[in-house]
Amino acid sequence: MSEPNRDANSTETSLSELALLFARLGATAFGGPAAHIAMMHDEVVARRKWLSEERFLDLLGATNLIPGPNSTELAIHIGWQRRGLSGLVVAGAAFILPALLLTSACGWAYTRYGSVPTAIGLLYGVKPVMIGVVAQAIWRLAPRALRTRRLALLGLGATAVAALGVSELLVLLGAGLLAVALARALDSARDESTSAWRGLAPVGPIAFGAGASGLKLSGIFWVFLKTGSLLFGSGYVLLAF
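All of these numbers come straight from a predicted model, not from anything done at the bench. In this numbering scheme, every chain counts its residues from 1 along its sequence in written order. Local features in a predicted model are, by the rule used here, given only for residues with pLDDT of at least 70; side-chain atom pairs are given and counted only at 80 or more, and totals for whole chains, interfaces and linings are based on all residues. Remark: hydrogens and water are excluded; side-chain values derive from all non-hydrogen atoms of the structure.

Draft legend 1. The arrangement of the overall build of the protein chain in detail. Numbering of helices and strands runs from the N terminus, with a helix taken as a DSSP run of H or I at least four residues long and a strand as a DSSP run of E at least two residues long. What the protein chain contains, in helices and strands, is nine helices and zero strands. In the protein chain, the succession of helices and strands from N to C terminus is α-α-α-α-α-α-α-α-α. Per-residue burial for the protein chain yields a buried fraction of 34% across its 241 residues. Put simply, of all contacts in the protein chain between residues at least 6 apart along the chain, 68% involve residues at least 24 apart. Where accessible areas are quoted, they stem from the Shrake-Rupley method and a 1.4 Å probe; at the residue level, only the protein chains shown are allowed to cover. Total accessible area on the protein chain is roughly 14100 Å²; 68% of this is exposed by carbon and sulfur atoms. Working definition: with a 1.4 Å probe on protein chains only, accessible area under 20% of the residue-type maximum means buried, over 50% means exposed, and in between means partly exposed. Contact definition: two residues touch when any of their heavy atoms are within 4.5 Å.

Draft legend 2. Looking closely at unusual backbone geometry. A positive phi angle, near 60 degrees, is found at Lys49, a position not held by glycine. Structurally, Lys49 is set in the loop between α2 (33–47) and α3 (53–63).

Draft legend 3. Quick peek at the nonpolar core. We call a set of buried Ala, Val, Leu, Ile, Met, Phe, Trp, Tyr and Cys residues a nonpolar core when their side-chain atoms join them within 4.5 Å. Counting residues in each nonpolar core, the largest one holds 20 residues, and the members touching the most others are Phe22, Met40, Val44, Leu51, Phe56, Leu74 and Ile78. Every element with two or more residues in this core is listed here: α1 (15–28), α2, α3 and α4 (70–113). Top element by residues in this core is α4. It accounts for six residues. Other than its neighbours up to four places away in sequence, Phe56 contacts Ile37, Met40, His41, Val44, Val45, Leu51, Leu74 and Ile78.

Draft legend 4. Local environment of the packing of α3 against α4. Lines fitted to C-alpha atoms define the axes here, with helix axes fitted over just the stretch in contact, and angles between the N-to-C directions of these axes take values from 0 to 180 degrees. At their nearest, the axes of α3 and α4 sit 9 Å apart, and the two run at 130 degrees to each other. In this view, α3 runs oblique relative to α4, as classed from their interaxial angle. The interaxial crossing formed by α3 with α4 has right-handed handedness. Of the residues in α4, those in contact with Arg55, Phe56, Leu59, Leu60, Ala62 and Thr63 of α3 are Asn70, Glu73, Leu74, His77, Ile78 and Gln81. In this count, Pro and Cys sit with the nonpolar residues alongside Ala, Val, Leu, Ile, Met, Phe, Trp and Tyr, while Asp, Glu, Lys and Arg are called charged and the others, Gly among them, polar. Looking at the contact of α3 with α4, its residues break down into six nonpolar, four polar and two charged. Angle categories: roughly parallel below 35 degrees, roughly antiparallel above 145, roughly perpendicular from 65 to 115, and oblique for all the rest. Should the near helix be turned anticlockwise from the far one by less than a right angle, the crossing is left-handed, and should it be turned clockwise, the crossing is right-handed.

Draft legend 5. Inspection of the packing of aromatic side chains at higher detail. Between 30 and 60 degrees the pair is tilted, below 30 it is stacked and above 60 it is edge-to-face, where a pair is any two Phe, Tyr or Trp rings, Trp via its six-membered ring, whose centres lie within 6.5 Å. One pass over the full model with this rule turns up two aromatic pairs. Aromatic pair Phe221 and Trp222: ring centres 5.2 Å apart, planes at 80 degrees, arrangement edge-to-face. Sitting over a ring, as applied to charges here, requires NZ of Lys or CZ of Arg to be within 6 Å of the ring centre and within 35 degrees of the ring normal. Over the ring of Trp50 we find Arg48; its NZ or CZ atom is 5.6 Å from the centre of that ring.

Draft legend 6. Structural view of the packing of α2 against α3. With their axes 11 Å apart at the nearest point, α2 and α3 run at an angle of 145 degrees to one another. Every pair of crossing elements has a handedness; the one defined by α2 and α3 is right-handed. Of α3, the residues touching α2 (which contributes Ile37, Met40, His41, Val44 and Val45) are Glu53, Phe56 and Leu60. Classifying every residue of the contact of α2 with α3 gives six nonpolar, one polar and one charged.

Draft legend 7. Main features of the pattern of salt bridges. Between Lys or Arg on one side and Asp or Glu on the other, a salt bridge is scored when a side-chain nitrogen of the former is within 4 Å of a carboxyl oxygen of the latter. Summed over the entire model, instances satisfying the criterion amount to four salt bridges. Put simply, Arg47 and Glu43 hold a salt bridge, and the shortest N to O gap is 3.5 Å. With Arg47 and Glu43 both in helix α2 and four residues apart, this pair spans about one turn of that helix. Sharing partners across several salt bridges, the network here consists of Arg24, Asp42, Glu43, Arg47 and Arg48.

Draft legend 8. View of α1. Each helix should span, by expectation, one fewer than its residue count multiplied by 1.5 Å. The terminal C-alpha atoms of α1, which comprises 14 residues, lie 20 Å apart, in line with the 20 Å expected from a rise of 1.5 Å per residue. Restricting attention to buried positions, one finds in α1 the residues Leu18, Leu21, Phe22, Leu25 and Gly26. Down the axis of α1, the buried set is contained in an arc of 130 degrees. They therefore lie on one face. Buried residues along α1 sit against α2 and α4. Relevant arc is that of directions from the helix axis to the C-beta atoms, nothing else.

Draft legend 9. Representation of the environment of Gly26 in the model. Mapped onto the elements, Gly26 comes out in helix α1. The sequence separation of Gly26 and Gly92 amounts to 66 residues, and the corresponding C-alpha distance is 9.7 Å. In this view, Gly26 contacts Phe95, Pro98 and Ala99; residues no more than four positions away in its chain are not counted.

Just distances and angles here, no functional claims.
Set out below in structure tokens:
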């Protein structure tokens, strides 16, 4: 396995730094993938200077080309970028473990107290707060990804097409081909660089079906294995599915 292509003049990050950062994010980053990605950008680009703006967007684009949860994949990509294979394992495990433990605790509490009126009221109150957190994260992240008018128009178009129910694979392919065609046309006409199009990877839903086999562990395992292997578009698509 080849070494990661680190940014120029960057110093190697220790495994303990990676573990502490992503464990903290895994335990405190509420609001879903958009919020997680915005917080990762703040930590690894703005504060620690581990990655350049361009490299971060490149990694973010790569996460949208493979199925599964985008923010988890981005954490793994950042770990690989900073420390290779060992960083990949440490960053991914540190980011996932807090959510695993918290989800297990919440699942136990919900099955035991979920029908209690107080718990029902609490769950209703959490929903609008999460919407606000997600909206704020998207508001912060969008200007960094949509750096030109062409990117903004292409992103809005891809979002509209995805909202109509078009498969995300077709949206990704179509947007990518259109971006390349436009970049080449501008390059030949004005001798412009195509670097402004790097990191472009719109997200959206993909049609997908699977069925659970009762409540057997094997059925649960296969349903979520298929979900994680085939669903594109981050945790919001997973929630809808």
